[in-house]
Amino acid sequence: MKALLSFIITCMLCSSLQAQNYAIVGATVHTMGPKGTLENATVLIQNDKIQAVLTGDADLQAYKVIDAKGKVITPGLIGAHTSLGLVEVSSSAGTVDSEVSPVNFSTVGAAADVSFGINPDSSLMNISRIAGVTSAASSVTHSSQLFSGQGAMITLGDKTQPIIKPRAFMGVNMSNSGADNIGGSRALLWVALEQAISETEFFGPKGLSPAQQWHGELARADLQALWPVVNGDIPLIIDARRAADIRQVIAFKQRHPKLHIVLLQATEGWRVADELAANDIAVILNPESNLPYAFDQLGATMANAARLDKAGVMVAIGMESHNIRLAKQHAGNAVANGLAWSQGLAALTINPAIIYKIDTLVGSLEADKQADLVIWSGDPLEVTQTAEQVFIKGQLLDMQSRQTKLRDRYLDLQQDRPMNYVRP
Amino acid sequence: MHYQNRKIMQSGILLAAGILTACGDNPSKREAVVINGDPFPSTYQPITSNATLIKNVTILDGIGGRIEKGALLMQGGKIVSLGQNLPATGDTTVVDGQGKWVTPGIIDVHSHLGVYPAPSTSSHSDGNEKTAPVTAQVWAEHSIWPQDPGFGRALAGGVTAMQILPGSANLVGGRGVTVKNLPDRVVQDMKFPGAPYGLKMACGENPKRVYGDKGGPGTRMGNVAGYRQAWADAQEYQRKWDLYYKDFDAGKAPQQPKRDLKLDTLAKVLKGEILVHMHCYRADDMGTMLDVMQEFGYKISVFHHAVESYKIADKLAAANVCSAMWADWWGFKMEAYDGIQENIPMVHAAKACAIVHSDSELGIQRLNQEAAKAWANGRRAGLDISQADAWQWLSANPAKSLGIFAQTGSLESGKNADVVLWSTDPFSTYAQAEHVYIDGALVYDRNNPESWPVSDFELGQPGEGDSK
């Protein structure tokens, strides 16, 4: 029955792929905005924007009407920490733009700028977006330097202009592996970070001409990249896992109150939850990571997300690339381990939008925001439910990917010619 | 089919009194040399348990049956009966499971718990003997650290047994071992009694990447030459032993062949006593291995990872080889690039044997969710498989592929009471294993923190005894 409904929805629309005005009627709509959750609601899309989310009767003559009765609508999901557009195949398969090696013009790695590397034709884009992921934070994941460079906010709906916001955040690794990279010890790692901050503060926004002398440790390109961090314009995403490291991060923020600091991983965050809330530090985490992989993750538990949320810490979920579509399952498991359902959905939508300062654009279904939304077969956090139709910037997506085509080619193995001649 | 030989071998072991007896010790009572097939015997002891009746539950029996408002009676470590109204005697523990579900315990055919434990320090990295492409002489059980906290996490996910395998660096990685998920002081304490050994082999990228700069193989064709030479060597080795016994029986005084631990294991595969578990992603790699299997007359029990089984599901059904798969992993290397979310149901629909496996200390905690995703994706693709049938991917098919289906893997009278009571429909993200029973004993009770296993490693550390 579900499949039949999905078929009807899809085929009502298969003739019209260009932008137009849509009225999606009858669904349960989780706006993730001030209107909360609305039953039997109508979502009006005008061009690339949400025009209104309302209940009751409305004049829908100017709209293409989509019946979504019995369905669930949410904002498009935001990949909170991915390398979408930077990686096609991770291992032994050529260039991977999410992995960087040291170069002499960037002594601390801050200068790296992934906005030059985002490939909207990557197969991960369609595979992820038909599962409801409409935008993402994309950044370097493998670096042996102090900073992993400048990440970008991207949309999965635009094949020519995928960048929503270039140089949107900076990454730094203050966990065990970060220490391993920088002098083998936190005793040097933290000094390196403090020095980078103080040199950038001294350097300021003014820039240097090649003729001007500069005797600091940081390269010019790094100083330039770090200024928006020091100035609090973009978040510094700090990977820290054990409670002691997280306390160091809190002290760091207190020393540098201007910085906008977000924690990544925060495996033992639950042990420091009240302090994190008091210092207004949000967390991006994987709620399923419940094993002591190293001595800086001994307190790992699936209750981490729920405990942080309960203390008032903003939580975002979704650390993956090829399978960022599983972020909804990760959030579902956080809910199974105590997180409120609405917070599980917030962790995939409005919370990452706020963390990355793109919440005026996406993250909730409110008038004048970009029309990124998903019609789900049911509860999106359920592993058995799926995205039936996705909109990005008001455009109805073709719900196909390389994977659905492989499936359709091989659903019937009895062919009278080689499979390369079978067009799904 | 494999197991008859196994029984013959075991009785041989008993007769040989379990030691390598050199001939000529006592010329008046000359005996042939017999190799002990079980030098590290299981010392597993089931925990004593009270009779338990779970009632008012939805039961998936693991072999396609479903009972609404059902009841399950366990006694003496075995399943006694299941039905709709079962009487409880006075001393039976009764669990009213209104709204809950009961299934067989989950069995993971592909785990590296203990051999790649947490914490994942280099000193703990004991899963790949990356010193030669064929290391059939190594046994995973000699690397297992029973204090890996991952066992307890998997238990909380309803996993009652698993096969622990060497890694996939080598063409032949060594023996895998099937264990009960009840680690104790030494690894023998958790070995599944009577389970045959597995042999880990690997196709494709990993061996050629590891050995490409170390003398080879450096290509897929090099890989295949490596397997074939290994089997040819094993055949020759077996012929030497066969001749030795033949000559001995003919009253001659043959010289005992030199024992070779690597060829011992490979020869046992050729005799059907050890089951082959082969890491193989691509359809063409699997197709080649089906012919190698024919050429040397051995049986591949399961292709592991099998990301492209959907492309050759008919051939796998005809060859009676299982596929152990993830629900949706893909793209981390070229041979995983064509992964699709319908692989598992497409293999099932072609009447081939489908298994959901983890290869992950996280995935093993949620194998029910992996099956649920595959089941739902299959239905959306028009493959209408019942939940009751789909549960075969988690218990019965793994048990068959490991040679332990006579003991476990389904809820049938007389089988080991390896049972999970789920808080709700286990095809839901929100379902949690509330009770886990191994051989009838309640070994995990989500609502009773005192019942949660805590490994030695976790004692005295942050988070000791916490909900995980």
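All values reported here derive from a predicted model rather than from experimental measurement. (Residues numbered from 1 in each chain as written. Chains lettered and ligands numbered in written order. Predicted model: local features only at pLDDT ≥ 70, side-chain atom pairs only at ≥ 80, totals over all residues.)

J.: I would appreciate a short explanation of the overall build of chain A in the present structure.
T.: Of the regular secondary structure elements, chain A holds twelve helices and 16 strands. Scaling as 2.2 N^0.38, a compact globule of 424 residues should have a C-alpha radius of gyration of about 22 Å, and chain A matches this with 23 Å. Considering only C-alpha atoms, chain A reaches an extent of 65 × 50 × 45 Å along its principal axes. By the burial criterion, 53% of the 424 residues in chain A qualify as buried. When contacts within chain A are restricted to residue pairs at least 6 apart in sequence, those whose partners lie at least 24 apart make up 69%. (Helix = DSSP H or I, 4+ residues; strand = E, 2+ residues; numbered from the N terminus. Rg over C-alpha atoms; globule rule 2.2 N^0.38 Å. Buried ≥ 20, exposed ≤ 12 C-beta atoms within 10 Å, placed from the backbone. Contact = placed C-beta atoms within 7 Å.)

J.: I would appreciate a short explanation of the nonpolar core in the present structure.
T.: Within soluble globular proteins, side chains that are nonpolar tend to cluster in buried spots. Among the nonpolar cores identified, the biggest contains 128 residues, and Leu72, Ile355 and Val356 of chain B are the most heavily contacted of them. For this core, the leading source of residues is helix 9 (residues 367–380) of chain B, giving six residues. Once you skip the residues sitting within four places of it in the chain, Leu72 of chain B turns out to touch Ile54, Ile59, Ile79, Leu82, Val102, Leu411 and Val419 of chain B. Core analysis: the next-biggest nonpolar cluster, separate from the first, contains 123 residues, Tyr22, Ala110, Ile238 and Phe391 of chain A among them. (Core = buried A, V, L, I, M, F, W, Y, C linked by C-beta atoms within 7 Å.)

J.: Sorry, what's going on with the domain arrangement of chain A here?
T.: For interface size, the figure often reported is the accessible area lost on association. Residue and element names in this part refer to chain A. Looking at the assigned domains, one finds that chain A contains domain 1 (2–74 + 387–409) and domain 2 (77–362). The C-alpha centroid of domain 2 is placed 32 Å from the C-alpha centroid of domain 1. In this assembly, 14 residues from domain 1 lie in contact with 15 residues from domain 2. When contributions to the side of domain 1 that touches domain 2 are tallied by element, the ones reaching two or more residues are strand 15 (387–392) and helix 12 (402–410). Looking at the side of domain 1 that touches domain 2, the element that brings in the most residues is strand 15, giving three residues. Residue composition of the side of domain 1 that touches domain 2, grouped by class: six nonpolar, six polar and two charged. (Domains from an automatic or database assignment. Nonpolar A, V, L, I, M, F, W, Y, C, P; charged D, E, K, R; others polar.)

J.: Would you mind going over the confidence of the model for chain A with me for this structure?
T.: Should the pLDDT be low somewhere, the predicted coordinates at that spot are not to be read in detail. The predicted model of chain A has a mean per-residue pLDDT of 95, with 96% of residues at 70 or higher. Low confidence marks residues 1–17 of chain A, where pLDDT is under 50. Its contacts with residues over four positions away, or in another chain, come to 15 contacts. (pLDDT = per-residue confidence, 0-100.)

J.: What's the story with the pairing of strand 9 (residues 163–173) of chain A in this structure? I'm lost.
T.: A regular strand carries its side chains on alternate faces of the sheet. Residues and elements named next belong to chain A. Inspection of the sheet shows strand 8 (residues 147–155) paired to strand 9 by six bridges, in the antiparallel sense. Each residue of the ladder has a partner; that of Ile154, found in strand 9, is Ile163. In this structure, strand 9 lies alongside strand 10 (residues 236–240), joined through four bridges in parallel fashion. Among the inter-strand pairings, Met170 is bridged to a residue of strand 10, identified as Leu236. (Pairing = 2+ DSSP bridges.)

J.: Whenever I open this one, the interface of chain B and chain A confuses me. Can you help?
T.: Each side of the interface is counted separately: chain B has 44 residues, and chain A has 40 residues. Contributions of two or more residues to the side of chain B that touches chain A are made by helix 2 (150–156), helix 3 (205–211), helix 7 (313–319) and helix 9 of chain B. Here the side of chain B that touches chain A gets five residues from one element, more than from any other, and that element is helix 9 of chain B. Taken together, the residues of the side of chain B that touches chain A break down into 19 nonpolar, eleven polar and 14 charged.

J.: Would you explain helix 9 (residues 327–336) of chain A in this entry?
T.: In terms of residue burial, helix 9 of chain A counts as a mostly covered element, since ten of its ten residues are buried. Among the residues of helix 9 of chain A, those classed as buried are Ala327, Lys328, Gln329, His330, Ala331, Gly332, Asn333, Ala334, Val335 and Ala336 of chain A. In this fold, the buried residues of helix 9 of chain A make contact with strand 6 (77–82), helix 8 (304–310), strand 13 (315–317) and helix 10 (341–346) of chain A together with helix 9 of chain B. Backbone geometry just downstream of helix 9 of chain A places Gly338 of chain A in the positive-phi region, at approximately 110°.

J.: Explain helix 4 (residues 220–249) of chain B here, please?
T.: An α-helical turn contains 3.6 residues, so any two residues separated by three or four positions project in the same direction. Residues and elements named next belong to chain B. The terminal C-alpha atoms of helix 4 lie 44 Å apart, and with 30 residues this matches the ideal 44 Å at 1.5 Å per residue to within 8%. Every buried residue of helix 4 is accounted for by Asn223, Gly226, Tyr227, Ala230, Trp231, Ala234 and Tyr237. On its buried face, helix 4 sits against strand 8 (172–180), helix 3, helix 5 (261–270) and helix 6 (283–296). (Expected span 1.5 Å × (residues − 1).)

J.: Got a minute to help me understand the environment of Ser120 of chain B in this structure?
T.: Along the chain, Ser120 of chain B falls in the loop between strand 6 (106–111) and helix 2. Sequence separation between Ser120 of chain B and Asp148 of chain B is 28 residues; the distance between their C-alpha atoms is 9.9 Å.

J.: For this particular structure, what's the right way to read the sheet that holds strand 9 of chain A?
T.: In sheet architecture, strand pairing relies on hydrogen bonds along the backbone and comes in two forms, parallel and antiparallel. All names here are of chain A. Taken in spatial order, the eight strands of this open sheet run 6-7-8-9-10-11-12-13, and their pairing is mixed. Both edges of this open sheet fall to strand 6 and strand 13, since each of them pairs with a single strand only. Adjacent strand axes in the sheet meet at a mean angle of 25°, parallel and antiparallel pairs treated alike. Where strand 11 (residues 261–265) meets strand 12 (residues 282–285), three bridges bridge the pair, whose relative direction is parallel. Bridging across to strand 12, Val262 finds its partner in Ala282. Those strands touched by helix 9 are strand 6 and strand 13, and its axis lies near 135° from that of strand 13. (Axes fitted to C-alpha atoms, helices over the stretch in contact; angles between N-to-C directions.)

J.: Sorry if this is basic, but what is going on with the packing of helix 4 of chain B against helix 6 of chain B here?
T.: Any two packed helices are characterised by how steeply their axes cross, that is the angle between the axes, and by the distance between the axes. Residues and elements named next belong to chain B. Viewed as axis vectors pointing N to C, helix 4 and helix 6 meet at an angle of 15°, and their least axial separation amounts to 11 Å. One element, helix 4, and the other, helix 6, form an angle in the roughly parallel class. Between helix 4 and helix 6 lies a crossing whose hand is right-handed. Across the interface between the two elements, Val224, Tyr227, Arg228 and Trp231 from helix 4 touch Thr288, Val292 and Phe296 from helix 6. (Parallel < 35°, antiparallel > 145°, perpendicular 65-115°, else oblique. Left-handed = near helix turned anticlockwise from the far one by under 90°.)

J.: Sorry, what's going on with the confidence of the model for chain B here?
T.: Residues and elements named next belong to chain B. Scored by pLDDT, chain B has a mean of 94; 94% of the residues are at 70 or more. Per-residue pLDDT stays below 50 along residues 1–28; that stretch engages in 36 contacts with residues further than four places along the chain or on separate chains. The complex model carries a pTM of 0.95, and its ipTM stands at 0.95.

J.: Sorry if this is basic, but what is going on with the pairing of strand 5 (residues 101–104) of chain B here?
T.: All names here are of chain B. Sheet analysis places strand 1 (residues 52–60) next to strand 5, joined by two bridges and oriented parallel. Each residue of the ladder has a partner; that of Thr58, found in strand 5, is Trp101. Bridge count for strand 5 against strand 14 (residues 419–422) is four bridges, and the pairing is antiparallel. Bridge pairing in strand 14 places Trp101 opposite Trp422.

J.: What is the right way to read the environment of Val272 of chain A from this model?
T.: Residues and elements named next belong to chain A. Here Val272 lies in the loop between strand 11 and helix 7 (273–278). The exposure class assigned to Val272 is buried, which follows from the 25 C-beta atoms found within 10 Å. Setting aside residues no more than four positions away along its own chain, Val272 makes contact with Ala243, Ile246 and Arg247.

J.: Please explain the sheet that holds strand 9 (residues 198–202) of chain B as it appears in this structure.
T.: All names here are of chain B. An order of 6-7-8-9-10-11-12-13 is seen for the eight strands of this open sheet, with the pairing classed as mixed. Each edge of the sheet is formed by a strand with only one pairing partner; in this case those strands are strand 6 and strand 13 (354–356). Sheet twist, expressed as the mean angle between neighbouring strand axes with direction ignored, is 25°. Sheet analysis places strand 8 next to strand 9, joined by four bridges and oriented antiparallel. By the bridge assignment, Val172 is partnered in strand 9 with Met201. Strand contacts of helix 6: strand 10 (275–280) and strand 11 (300–305), with the helix running at about 155° to strand 10, the strand carrying the most contacts.

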